[in-house]
Protein chains: 2
Amino acid sequence: MTRITCPVLSSKVTSAEEAATYINDGDRVGMSGFTGAGYPKAVPAAIAENAKAAQERGEDFGIELFTGASTAPELDGVLAEAGAIRKRLPFQSDPALRKAINTGATEYVDTHLSHSAQQAWFGFYGNIDVAVVEVAAVLPNGMVVPGSSVGNNKSWLELADKVILEVNDWHPRAYEGFHDVYYGTRLPPERRPIQILDPMQRIGDPYLRVDADKVVAIVETSAPDRNLPFKSPDESSKAMAEHVVDFLRHEIQHDRLPENLLPIQSGVGNVANAVMAEFAHSEFENLTAYTEVIQDGMLDLIDTGKLTAVSATSFSLSAERAEAFNAKAEEYKGRILMRTQEISNHPEVIRRLGLIAINGMVEADIYGNVNSTHVMGSSVINGIGGSGDFARNAYLNFFVSPSTAKDGAISAIVPFASHTDHTEHDTQILVTEQGLADLRGLSPTARARRIIANCAHPDYRDGLQDYFDRAVAENPNGQHTPHLLAEALSWHQKFQAEGHM
Amino acid sequence: MTRITCPVLSSKVTSAEEAATYINDGDRVGMSGFTGAGYPKAVPAAIAENAKAAQERGEDFGIELFTGASTAPELDGVLAEAGAIRKRLPFQSDPALRKAINTGATEYVDTHLSHSAQQAWFGFYGNIDVAVVEVAAVLPNGMVVPGSSVGNNKSWLELADKVILEVNDWHPRAYEGFHDVYYGTRLPPERRPIQILDPMQRIGDPYLRVDADKVVAIVETSAPDRNLPFKSPDESSKAMAEHVVDFLRHEIQHDRLPENLLPIQSGVGNVANAVMAEFAHSEFENLTAYTEVIQDGMLDLIDTGKLTAVSATSFSLSAERAEAFNAKAEEYKGRILMRTQEISNHPEVIRRLGLIAINGMVEADIYGNVNSTHVMGSSVINGIGGSGDFARNAYLNFFVSPSTAKDGAISAIVPFASHTDHTEHDTQILVTEQGLADLRGLSPTARARRIIANCAHPDYRDGLQDYFDRAVAENPNGQHTPHLLAEALSWHQKFQAEGHM
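Conventions and cut-offs
- Residues numbered from 1 in each chain as written.
- Chains lettered and ligands numbered in written order.
- Predicted model: local features only at pLDDT ≥ 70, side-chain atom pairs only at ≥ 80, totals over all residues.
- Heavy atoms only, no water.
- UniProt positions renumbered as here; feature names shortened; annotations may be inferred.
- Helix = DSSP H or I, 4+ residues; strand = E, 2+ residues; numbered from the N terminus.
- Contact = heavy atoms within 4.5 Å.
- Buried area = accessible area lost by both parts, 1.4 Å probe.
- Salt bridge = Lys/Arg side-chain N within 4 Å of Asp/Glu carboxyl O.
- Polar contact = N/O pair within 3.5 Å; in protein donor to acceptor, adjacent residues only side chain to side chain.
- Axes fitted to C-alpha atoms, helices over the stretch in contact; angles between N-to-C directions.
- Parallel < 35°, antiparallel > 145°, perpendicular 65-115°, else oblique.
- Nonpolar A, V, L, I, M, F, W, Y, C, P; charged D, E, K, R; others polar.
- Least-squares fit on C-alpha atoms with pLDDT ≥ 70 in both.
- Phe/Tyr/Trp six-rings, centres within 6.5 Å; stacked < 30°, edge-to-face > 60°.
- Buried < 20%, exposed > 50% of the residue type's maximum accessible area, 1.4 Å probe, protein only.
- Lys NZ or Arg CZ within 6 Å of the ring centre and 35° of its normal.
- Domains from an automatic or database assignment.

Attention shifts here to the UniProt feature "active site" (unreviewed entry) in chain A. Residues and elements named next belong to chain A. UniProt's feature table lists "active site" (unreviewed entry) at Glu292, given in the numbering used throughout. With respect to the helices and strands, Glu292 occurs in the loop between β11 (287-290) and β12 (293-295). Once residues within four sequence positions are removed from consideration, Glu292 is found in contact with Phe34, Leu113, Ala312, Thr313, Ser314, Asn345, Gly385, Gly386 and Phe390.

Taken together, the contact pairs 83 residues of chain A with 83 residues of chain B. Each partner contributes to the roughly 6900 Å² buried at the junction of chain A and chain B, and carbon and sulfur atoms together form 52% of this total. On the surface where chain A and chain B come into contact, there are 2 salt bridges. The salt bridge involving A:Glu348 is made with B:Arg352; its shortest N-O contact spans 3.2 Å. The interface formed by chain A and chain B holds 39 residue pairs in polar contact (both at pLDDT 80 or more) in total.

Turning next to the packing of helix α3 (residues 43-56) of chain A against helix α4 (residues 73-81) of chain A. Residue and element names in this part refer to chain A. Between α3 and α4, whose axes approach to 8 Å, the crossing angle comes to 5°. Taken as axis vectors, α3 and α4 run roughly parallel relative to one another. Residues Pro44, Ala45, Ile47 and Ala48 of α3 pack against Glu74, Leu75, Val78 and Leu79 of α4. Looking at the contact of α3 with α4 residue by residue, the classes come out as 7 nonpolar, no polar and 1 charged.

A few words on the relation of the copies chain A and chain B. Between the two copies of the chain lies a relationship made up of a rotation around an axis and a movement along it. Of the transformation placing chain A onto chain B, the axial shift is 0.0 Å and the rotation is 180°, giving an RMSD of 0.0 Å. What the superposition gives is, in effect, a two-fold axis relating one chain to the other. Closest to the rotation axis within chain A is the C-alpha of A:Glu348, separated from it by 2.2 Å. An overlap of 100% is found between the interface residues of chain A and their copies at the interface of chain B, pointing to a shared contact surface.

This part is about the packing of aromatic side chains. Each pair of aromatic rings is reported with the distance of its centres and the angle of its planes. Going through the model one piece at a time under the given rule, you end up with 31 aromatic pairs over all chains. Ring plane angle 75° and centroid distance 5.8 Å describe the contact between A:Phe124 and B:Tyr395, whose orientation is recorded as edge-to-face. Residue A:Phe124 is found in the loop between α6 (113-122) and β5 (130-138), and its partner B:Tyr395 is found in the loop between α14 (387-393) and β21 (396-400); the two belong to separate chains. Seen in terms of ring centroids, A:Phe315 and A:Phe325 are 4.6 Å apart; in terms of plane orientation they differ by 45°. Their pairing is tilted. Of the two residues, A:Phe315 sits in strand β14 (residues 314-316) while A:Phe325 sits in helix α11 (residues 319-327), which places them 10 residues apart along the sequence. The residues A:Phe315 and A:Phe325 share a single accessibility class, namely buried. Site record: aromatic cluster; members linked through ring pairs are A:Tyr175, A:Phe178, A:Phe315, A:Phe325 and A:Tyr332. In this structure, A:Lys41 is placed above the aromatic ring of A:Tyr39, and the distance from its NZ or CZ to the ring centre is 3.9 Å. The ring of B:Phe124 is capped by A:Arg440, whose NZ or CZ atom sits 4.3 Å from the centre of that ring.

Residue and element names in this part refer to chain A. One can read the domain layout of chain A as domain 1 (7-221) and domain 2 (235-498). One C-alpha centre belongs to domain 1, the other to domain 2; they are set 29 Å apart. Taken together, the 48 residues of domain 1 in the interface contact 51 residues of domain 2. Carbon and sulfur atoms make up 59% of the surface buried where domain 1 meets domain 2, a total of about 3800 Å² over both sides. Taken as a group, Phe178, Pro199 and Met200 account for 21% of the area that domain 1 buries against domain 2, more than any other trio of residues on that side. Between the two partners, domain 1 and domain 2, sit 1 salt bridge. Note that Asp180 and Arg339 form a salt bridge whose closest N and O atoms lie 3.2 Å from each other. Summed over the shared surface of domain 1 and domain 2, the number is 33 residue pairs in polar contact (both at pLDDT 80 or more).

Written as structure tokens, this is what we have:
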């Protein structure tokens, strides 16, 4: 049964190849997609083919590509491999695209996810030429039922000169009613308060609005989202999850958290998923979440009844879990609300609700500066994503990582961060499998003592303590954040030279 | 004529020495003061005397000191010189205290100014034992008219077990009606939207509430605030101010700003003051400000009619200007509103109003990471203050500094920031007297080219370009943020070794 029941729009159904002809060299293109969910499945490949054909003719072909966050091989992958992405924002995690960025073929503007829509509206990126947005259905009145992610779709549909829709019947038709698209955003000085008082509060419409006159093509697809499967929690992830959950118990005992906590935000990845698994085995009840993505672990928590309400902007489910969800989506209605990312990640709402934010990191230095994005200072991995939106404005923030990487060759705790995404002013609680360091209300040197003692791997602890002790001894007038500048980045240099810190 | 017209409270008037006896070794003390304005003038000196006497007896005496922001020699100065401050937050700028911090005598927790009150309420700092708050008058009903700063006074008065008031008749009695103290703050999950839609909107009371039962002493004083005088803008400051104002004109021309701009936030210091002077000579009309402090330059803008409304949490006026203001305070009523710093610096309000934020910096690296706090990585100067609250959430943010310091021995543009307070994700526009670099929507390498070309001093430009070029050449797989780790901090090391970058 067709998902397009609007007569005006159904006349625009065409092939991906035909749709892709509307996208020209140099265009700024806003696409759907937030993690491997809700991204267009067909048009990007057709654009990539056009790019390759143009290049074979000796012509340039490249676009500036804007999305919600990361996408999947069928979007970032095919376009990066075709050399068709000149500039990319606000986030990515695709291997081919990462390579294009780190070899200088693609410019990447790594942006707070809550900033991306508003900066587009402010005109900071220039005109958006085309929107390519995947949806679940087109209603008779031309309104659109979003799919498994909302992201920046509202903004791309409104800002773009031309609109291409992909209608994917893999998304459950039952998605109707899952979404809350806020149409109250304005530009300053016309902005008004965002009146969300709890995670499930509706302030918008269940549909995306589309200007039919701008729609140049609609492509029908039937293809699954593609997210990476989750590993079952290993010992290290379980240990980190236990540290987090034990600390939350401690905070309840000291009357700094209510019994059912505060709304949880959990970053993407295996550790975050392990924390959710730990909650599943815990005594906690009536939990809520106000987060970016719903991973397998969070869906499990809903299934067990521990988690009663989740606001997010996207699903990020393993293939198996996504199929299971789609088969009984109706049962989750009223317990899951999908918002635009400018609302899911909005500082105003995050601060008001008082979130417990749990995010991964690449490394932290001994003073609590956190690197979430770079390897050895120069190469970017993924990007800052929403971690800054959440960490800065949360009630409590956790940054979590195994204490070592590359089979122990890299320490996640270093003398000096090789890149800083979250400053010492913003990081509260660091967690590795070794332990947890509560940095709240501590000076930098007090933080260093606690991070080294609690979080560093034993193989690196003495080296960090030695760096710190000598930095203290050699900076009689620099005792606030003592550093040895000649050695500050030496651990990273050693890794570059010898393959081991 | 007495400023204390409440019978219950007037019975508690006593000497500073008597009041100081309520403050014990180990106490956490919340004091008023935001810049050299509205800080207690008498009790701190008496505490310092008690500390010295205790030390002479061989006893320990130290407090944890919380304020609004920086204060003045009569508060931070006397207590630091007496060795009486064990821990200090959220901000400081006093020479004696800075020395105590950088020599390790005092722990300093450098905190976003919007975070300080809420973190105290969250219980992250422990119990507040005593509040010492300067006010302008005590009304018959026991309510209090605040003075020249509001800062965190509401929170200290509510959180502390004991309250000491200093009633200073140097503050104009006409302050009554200048303040808007918001009593709608709650702890999560009970928080509600802050319904401010424009800088002058009132959402609170003109008075601070004081629990008379907690008041242990009231001290009468008659002493002026003490802020540093401003230098008249030099050529460098004028050049920076011109770059900022020209850029705002450019943004209006491109329809990215309304004719009367958006509310201005301007950091403390001579450059910020110079920008205000530049506005005074400009064609702009009907400007507004939503800021932390009102400096001389902003008052001048009010006097000329260019600036119609200012919301702030404190004055920071030169002695001369403060006397002139006090003599005719009544005339400014309705054009100035003084709020608590949790509201003046609140991300929710800053983002909604869409501020133009102008803040100083110590250094920026070629990729746009900004250091606002540290010299050569280890020694702290002042602190992050409100710069993070404003920069992250502003519509436009400017970071401004002369391109060199110490008569040219230090470049404000460096290969790698020796400390990061504002990350590459948060900085939009860098300004030196050399020029302006608009970094919006640019990748790190594009930013580097622009910063080096537009902002670096000619004496350092080639060196920066050389570092960048070699970093690009030597990082074939690290083209996102190319660095030479062995040289990244070498400019700072050279300064330490040779006194010159």
